[in-house]
Amino acid sequence: MRRLLQSAFLMFALSASGEHAAAQFRTEIYPIVTRTPSTIDFLNGKVDGPVATIAGELRIPTFGTDKLPAVILVHGSGGVGNNVTAWAAELNKLGIAAFILDSFTGRGITNTIADQSLLSSFAMQYDSYRALELLAKHPRIDPSRIAIMGFSKGAVPSLYSSMTRFQKLYAPAGQKFAGHIALYAPCNTAYVEDLVTTGAPIRFFHGLEDNYTLAEHCKEYADKLKAAGADVAFFGYPGAHHSYDTSTIPFAIQLPNALTARKCRFTERPLGSLVNEATGKTPGWNDACIERGATVDHSPKALEATRQEVAAFLKTLFKM
């Protein structure tokens with residue numbers, strides 16, 4: 001594990017119970033050599049996609065020699081944004097290391113909002129396993145206490161890395177994520193063995209007014225997981241839209257070119273191929289159910305509720 005940068009002791013002000021207190025964290029930047037599989041190659045267990053070198057930023061909240069829990073943060077279609085860095089700060093406040101994974105920059109991608117074919121969400125899941133492999137060897141990180149948290153496109157890795165099937169294929173030997181947190185995930189595809197999980201707890205968070213990725217799809221999937229015996233909970237927030245946790249969004253914004261499969265239902269066949277349930281054919285971005293146009297908006301109330309739930313979940317998960 002080679003460090004490109006281990007520097008910059010940073011200070012920032014945190015507000016706690018109305019009082020300001022100083023907190024310190026160290027930033028380390030790491031390169032990650034990964035692959036770029038297509039969705040179908042990933043589903044079929046192939047790892048011979050193009051090689052890419054991406055990067056991740058590890059923020060360690062405290063000095064010392066103790067082993068810390070960590071959360072890998074996986075960005076959405078817009079790339080690493082304010083919501084991701086804000087969540088890193090929240091995790092650091094809890095005494096948890098945050099690893100901000102950037103799947104785009106090293107591949108020359110700015111965003112995939114208008115063209116989701118630029119990068120498969122499962123390529124980002126492969127990246128997430130490589131980040132797990134890196135963190136598990138870090139001297140300050142407890143390898144048994146590494147969770148994953150993703151947003152929209154990045155919630156695919158955070159959610160479906162809970163599947164035993166993918167964990168066996170792609171995770172580093174002897175490693176798995178300790179917990180899975182998915183914010184406004186696309187849950188409209190049924191995968192083979194998607195109810196067979198590693199046993200790590202799963203938490204869904206979704207705005208009930210989301211018209212980009214529909215909450216009802218994730219609620220349906222969460223209910224099926226729960227019936228199958230998984231440790232799962234779904235939190236839906238009335239009035240909240242997509243990206244409700246991004247505090248820099250000043251008001252509801254329409255994204256007219258945003259590509260969305262909100263009206264589609266896909267199913268994986270046993271041989272690792274996908275079909276559109278409405279047509280019975282291989283899905284494509286020109287399918288009739290594919291639309292453009294979605295809303296993003298910040299909801300302070302939903303964000304605060306999510307912060308509280310995530311903090312309580314991680315404190316229990318990590319035995320803090």
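Residues numbered from 1 in each chain as written. Predicted model: local features only at pLDDT ≥ 70, side-chain atom pairs only at ≥ 80, totals over all residues. Heavy atoms only, no water.

Caption draft 1: How the structure looks around unusual backbone geometry. With phi around 55°, S152 is a residue other than glycine that occupies positive phi space. Within the secondary structure layout, S152 lies in the loop between β6 (141-151) and α4 (155-160). Judged by relative accessible area, S152 falls into the buried class, the value being 9%. Backbone geometry at Y184 places phi at a positive 40°, although glycine is not the residue there. Assignment of secondary structure puts Y184 in the loop between β7 (180-183) and β8 (189-190). (Helix = DSSP H or I, 4+ residues; strand = E, 2+ residues; numbered from the N terminus. Buried < 20%, exposed > 50% of the residue type's maximum accessible area, 1.4 Å probe, protein only.)

Caption draft 2: The sheet that holds β8, seen in detail. One open sheet holds the three strands; their spatial order is β8-β12-β13, and the pairing between them is mixed. Strand pairing shows two members of the sheet lacking a second neighbour, β8 and β13 (273-276), which therefore form its edges. Relative to strand β12 (residues 266-269), β8 is paired through two bridges, and the arrangement is parallel. From the neighbouring strand, T189 faces β12, where its bridge partner is F266. (Pairing = 2+ DSSP bridges.)

Caption draft 3: How the structure looks around the layout of surface pockets. Counted as a void, the largest pocket has a volume near 890 Å³. Contributing to the lining of the largest pocket are 34 residues, with T39, Q116, S121, F266 and W285 lying nearest its centre. Going through the elements one at a time, α1 (39-43), α3 (121-136), β11 (253-260) and β13 are the ones with two or more residues in the lining of the largest pocket. The residue makeup of the lining of the largest pocket, split by class, is 16 nonpolar, 16 polar and two charged. Quantified by volume, the second largest pocket comes out at close to 350 Å³. In terms of lining, the second largest pocket is formed by 22 residues, of which the most central are G78, N83, S243, T246 and V296. Mapped by element, the contributors of at least two residues to the lining of the second largest pocket are α2 (82-93) and β11. (1 Å grid on protein atoms, 1.4 Å probe; cavity = no way out; pocket = protein on both sides within 12 Å on 5 of 7 lines; lining within 4 Å. Points joined across faces, edges and corners; volume = space filled by probe spheres on them. Nonpolar A, V, L, I, M, F, W, Y, C, P; charged D, E, K, R; others polar.)

Caption draft 4: Structural context of the state of the cysteines. A full pass over the atoms with the stated rule returns two disulfides. What pairs with C187 in a disulfide is C218, and their sulfur atoms sit 2.0 Å apart. Looking down the S-S bond of the C187 and C218 bridge, the torsion is 80°, so its handedness is right-handed. Of the two residues, C187 sits in the loop between β7 and β8 while C218 sits in helix α6 (residues 215-227), which places them 31 residues apart along the sequence. Here C187 falls in the buried class, since its relative accessible area comes to 6%. Among the residues examined, C218 registers a relative accessible area of 1% and is labelled buried. Covalently, C264 is tied to C289 through a disulfide, its sulfur atoms 2.0 Å apart. Across the disulfide from C264 to C289, rotation about the S-S bond amounts to roughly 100°, and the bridge is consequently right-handed. (Disulfide = S-S within 2.5 Å.)

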